[in-house]
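So you can see what is in the structure, the chains are spelled out below.
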Amino acid sequence: MKVPATLRQPRELAEHGLAAQEDLPALEKVAARYAVAITPDVAALIDPNDPHDPIARQYVPDPRELETRPNENADPIGDHLHSPVEGIVHRYPDRVLFKLVHVCAVYCRFCFRREMVGPGKDTALPPDAYARALDYIRQHSEIWEVILTGGDPLMLSPRRLTQIMADLAAIDHVKIVRIHTRIPVADPSRITDETVAALRHEGAAASGATTWLALHANHPRELTSPARAAIARIVNSGIPMVSQSVLLRGVNDDALTLEKLMRAFVECRIKPYYLHHGDLAPGTSHLRTTLAEGQALMRALRGRVSGLCQPDYVLDIPGGHGKSPASAAYVTQDDVTPGGAPDYRILDYCGDVHHYRDQTDVAAETD
């Protein structure tokens, strides 16, 4: 489907056949709480005649987003608990998140920062907060890697990106700058020569800092010809790429789709990195799988594809305890209460044990 510009309002979605008229009152309530944006590139991938289209499921708002489960949380992975100054999350000793912007080209319906991004929120880190964040990085020599995130940092102009890369390159102990983005699939025309040059800033290279780029994509159809061309422009410049995906019910929760997705990444010279278990963000239970389902899919993937195509299946432990591999070595299921959700014991990177309960909305998918 061709649309002239980014769709941001439920009525626009209905006008283009991406939402039903009878759902508009509920979708207006969703859009009042959570940002909506579907770029022309993404809209072109959606089949409006397929009520279970995996692309639409990621981006088109759903009335079920207004339903919040007991364990869901506005900050499901505990960013605020590890934020010593505005814009910085320092959860692990050798790396920090640097949250530069609070806007994206598209807004995912499962986003774990959905309460913090989009219209009505600050669009970017204020200059004084940016300066304090840089000072924090300078003062902590254990920080080896800075991960630019948000929002999507590639929403920034090449000029601004160049300045940020120069500022980080001037910090001797920062050796890796990793950028998390959806732009190559959501709006590939933004990956210009100027953008790539900004990411490869000569000052960063001279200082010994290496740029990496992590691409978020969840379905093989997202890796279109324009997306692949944008990826090639980045990789051909010498910037290595990894992938991150979220395991989503109705999008990629079958072995064949995951196989195609991981192979597509490798074909694009992107190393599969993370397959995230869905976070306990408000209104996302209809998109989450169970841990048992995710573990079964990883076993199936292990036998189907090359080792190059194997991501790490991980869970961000609620409460700010970091990522844990979602494998049997780290995740142990407790006894299941009849009719209840499974409870798990999960080992974090410090060796501490945390309890986790699966909360999905399987019933809604089988009605």
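Please refer to the structure placed before this passage.
Everything numeric here is computed off the predicted structure, so don't read it as measured data.

1. Some points on the overall build of the chain
Reasoning step 1: For the chain, the helix and strand inventory stands at 13 helices and 12 strands.
Reasoning step 2: Computed over C-alpha atoms, the radius of gyration of the chain comes to 20 Å, within 12% of the 21 Å expected from 2.2 N^0.38 for 367 residues, which places it in the range of a compact globule.
Reasoning step 3: Considering only C-alpha atoms, the chain reaches an extent of 60 × 50 × 40 Å along its principal axes.
Reasoning step 4: Relative to its full complement of 367 residues, the chain shows a buried share of 54%.
Reasoning step 5: Across the chain, every contact between residues at least 6 apart in sequence was considered, and the portion connecting residues at least 24 apart equals 75%.
Reasoning step 6: Approximately 15500 Å² of the chain is accessible, and the part contributed by carbon and sulfur atoms is 52%.
Reasoning step 7: Charge separation in the chain, taken as the distance between the mean sites of 39 positive and 48 negative side-chain charges, equals 3 Å.

2. Overview of the nonpolar core
Reasoning step 1: Residues Phe98, Ile137, Val146, Leu148 and Leu168 are the most contacted members of the largest nonpolar core, which totals 92 residues.
Reasoning step 2: Those residues in contact with phenylalanine 98 that sit more than four places away from it in its chain are Gly87, Ile88, Leu125, Tyr130, Ala133, Leu134, Ile137, Val146, Ile147, Leu148, Thr149 and Leu168.
Reasoning step 3: Counting 5 residues, the second-largest nonpolar core is a separate cluster that includes Ala35, Cys104, Tyr107 and Val117.

3. As for the pattern of salt bridges
Reasoning step 1: Inspection of every chain in the model, using the stated rule, returns 21 salt bridges.
Reasoning step 2: For the salt bridge of aspartate 316 with lysine 323, the shortest nitrogen-to-oxygen distance reads 3.8 Å.
Reasoning step 3: Given the relative accessible area of 24%, lysine 323 is considered partly exposed.
Reasoning step 4: A single salt-bridge network, built from bridges that share partners, covers Asp79, Arg91, Lys99 and Arg113.

4. Details of unusual backbone geometry
Reasoning step 1: Note that the residue after glycine 150, namely glycine 151, is joined by a cis bond; omega there is 15°.
Reasoning step 2: Summarising the element assignment, glycine 151 is placed in the loop between β3 (145–149) and α6 (158–169).
Reasoning step 3: Positive phi is not limited to glycine here, since arginine 269 has a value of about 70°.
Reasoning step 4: Counting through the fold element by element, arginine 269 comes out in the loop between α11 (255–267) and β7 (270–276).
Reasoning step 5: Residue class for arginine 269 comes out partly exposed when judged on its relative accessible area of 45%.

5. Some details on the packing of α11 against helix α12 (residues 291–304)
Reasoning step 1: As a packed pair, α11 and α12 sit with axes 10 Å apart at the nearest point and diverge in direction by 55°. Classified by the angle between their axes, α11 and α12 sit oblique to one another. Handedness of the α11/α12 crossing: right-handed. Here α11 contributes Ala255, Leu256, Leu258, Glu259, Met262 and Arg263 to the contact with α12, which in turn contributes Leu297, Ala300, Leu301 and Arg304.
Reasoning step 2: When its residues are assigned to classes, the contact of α11 with α12 shows 7 nonpolar, no polar and 3 charged.

6. Re the sheet that holds strand β8 (residues 312–316)
Reasoning step 1: In space, the 9 strands of this open sheet follow the order β1-β2-β3-β4-β5-β6-β7-β8-β9, with mixed pairing throughout. Because the sheet does not close on itself, it has two edges, and the strands there are β1 (88–92) and β9 (323–325). Each adjacent strand pair in this sheet contributes to an overall mean axis angle of 30°, direction not counted.
Reasoning step 2: Note: β3 against strand β4 (residues 176–181), 4 bridges, orientation parallel. Within β4, the position partnered with valine 146 by the bridge is valine 177.
Reasoning step 3: Lying over the sheet, α6 contacts β2 (95–99), β3, β4 and β5 (210–216), oriented at roughly 160° with respect to β3.
Reasoning step 4: Its contacts with the sheet place α11 against β5, β6 (241–246) and β7, and it is angled at close to 145° to β7.

Cut-offs used in this document
- Residues numbered from 1 in each chain as written.
- Predicted model: local features only at pLDDT ≥ 70, side-chain atom pairs only at ≥ 80, totals over all residues.
- Heavy atoms only, no water.
- Helix = DSSP H or I, 4+ residues; strand = E, 2+ residues; numbered from the N terminus.
- Rg over C-alpha atoms; globule rule 2.2 N^0.38 Å.
- Buried < 20%, exposed > 50% of the residue type's maximum accessible area, 1.4 Å probe, protein only.
- Contact = heavy atoms within 4.5 Å.
- Areas by Shrake-Rupley, 256 points an atom, 1.4 Å probe, with all protein chains shown as cover.
- Lys, Arg positive; Asp, Glu negative; His and termini not counted.
- Charge placed at Lys NZ, Arg CZ, Asp CG, Glu CD.
- Core = buried A, V, L, I, M, F, W, Y, C linked by side-chain atoms within 4.5 Å.
- Salt bridge = Lys/Arg side-chain N within 4 Å of Asp/Glu carboxyl O.
- Axes fitted to C-alpha atoms, helices over the stretch in contact; angles between N-to-C directions.
- Parallel < 35°, antiparallel > 145°, perpendicular 65-115°, else oblique.
- Left-handed = near helix turned anticlockwise from the far one by under 90°.
- Nonpolar A, V, L, I, M, F, W, Y, C, P; charged D, E, K, R; others polar.
- Pairing = 2+ DSSP bridges.

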